[in-house]
Amino acid sequence: MLQQTPADRLIVIVMHIPLETYLDKDPAQNTSDAAALLALLGDRPAVSFAGHTHTTEHHYLTRDGLAPHHHHVLTAVSGSWWSGPADRRGIATADSRDGSPNGFHILSIDGTHYATRFVPANEPNGRQIRLSLDAEFHREKEIFRDFRMGQLLGSPLPKESVGATTLVVNFFDGGPKTKVDFRIGNGEARPMKLERRTDPFIEEVYGRNAATIKPWVKPEPSSHIWTARLPADLESGAYSINVHVVDEYGRNHYDHLVLEVTG
């Protein structure tokens, strides 16, 4: 079939097991003959998609003398394998273990050019970004009973804790080419660092609902989280933290949260 396809056509390959995943190098999670497949493709324009891991990942697989091959691992409609707290319809749809909401992707093709768009199933207004404030004094699970879901990952923050608080941006369809920055109010834009870490939101969801999460499912380091430490010199008051994302395809995304600092 490949020999019969014109050389200027985009080749789209769909598979179940990823060619490569960030989770681990177990052969059960990675395609063992990926190099042979890429050799067959040669310099043809191509992209490949996989599932299986219930995570969202972008890989750019290097090849000698050729442009990297874009391999996109897609999250699942079932999220954490239809486990976790039930929504208003009675369906268990906890977000995936890397912090991707349950949902699906849409592939758009124009000649040899392509782009994907993530469509979350239950996020308000189809949002693409989750913002969290990960403070040291929020880390104890014993205090879950005293706070509602999500309250520990927002404000208010006491002034003395601001400098020990990390802004966590989970851009659900992000990858190595994604750029993220934030600004406080109308201040200067500050770049954020891509960091392999678990999403604190997922840690809380799974921690609060351990009895309904599948036993093999646990929070995993995500490939689409960016972090930055908040400045320690913020005075008491209310601030808008504005986040700007440029995704893998050069598209802009924006979100914000309100930070209240108490004295």
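Note that the structure is predicted; figures quoted are calculated from it, not measured.

## Details of unusual backbone geometry
Stage number 1. One non-glycine residue, His-54, lies in positive phi territory at about 60°.
Stage number 2. Considering the arrangement of structural elements, one finds His-54 in the loop between strand S2 (46-50) and strand S3 (57-63).
Stage number 3. Owing to a relative accessible area of 10%, His-54 belongs among the buried residues under this scheme.
Stage number 4. A positive phi is found at Trp-82, a non-glycine position, where the angle reads about 50°.
Stage number 5. Among the secondary structure elements, Trp-82 is positioned in the loop between strand S4 (66-73) and strand S5 (103-110).
Stage number 6. Given a relative accessible area of 47%, Trp-82 falls into the partly exposed group.

## Things to note about the sheet that holds strand S7 (residues 129-135)
Across a sheet, paired strands are connected by hydrogen bonds in the backbone, their directions being either parallel or antiparallel.
Stage number 1. Strand order in the open sheet formed by four strands is S7-S9-S13-S12, and the pairing between neighbours is antiparallel. Of all the strands in the sheet, the pair left with one neighbour each is S7 and strand S12 (193-194).
Stage number 2. As paired strands, strand S9 (residues 165-171) and strand S13 (residues 225-229) are joined by five bridges and run antiparallel to one another. By the bridge assignment for S13, Val-168 is matched with Thr-227.

## Brief notes about the pairing of S7
Stage number 1. Summarising burial for S7: seven of the seven residues are buried, a large majority.
Stage number 2. Here S7 shows two buried faces, one formed by Ile-129, Leu-131, Leu-133 and Ala-135 and the other by Arg-130, Ser-132 and Asp-134.
Stage number 3. Of the pairings in the sheet, the one linking S7 to S9 comprises seven bridges and is antiparallel in character. Note on S9: the bridge partner recorded for Ile-129 is Phe-171.

The rules behind these values
- For every chain, the first residue of the written sequence is number 1, and numbering continues from 1 along that sequence.
- Only residues with pLDDT of 70 or above have their local features reported here, since the model is predicted, and side-chain atom pairs are shown and tallied only from 80 upward, although totals for entire chains, interfaces and linings are computed over all residues.
- Think of the side-chain values as coming from all heavy atoms in the structure, minus any hydrogens and water.
- Counting from the N terminus, the helices are the DSSP runs of H or I reaching at least four residues and the strands are the DSSP runs of E reaching at least two.
- Think of it in three bands: with a 1.4 Å probe and only protein chains considered, a residue is buried below 20% of the maximum accessible area for its type, exposed above 50%, and partly exposed in between.
- Any two strands with at least two DSSP bridges between them are considered paired.

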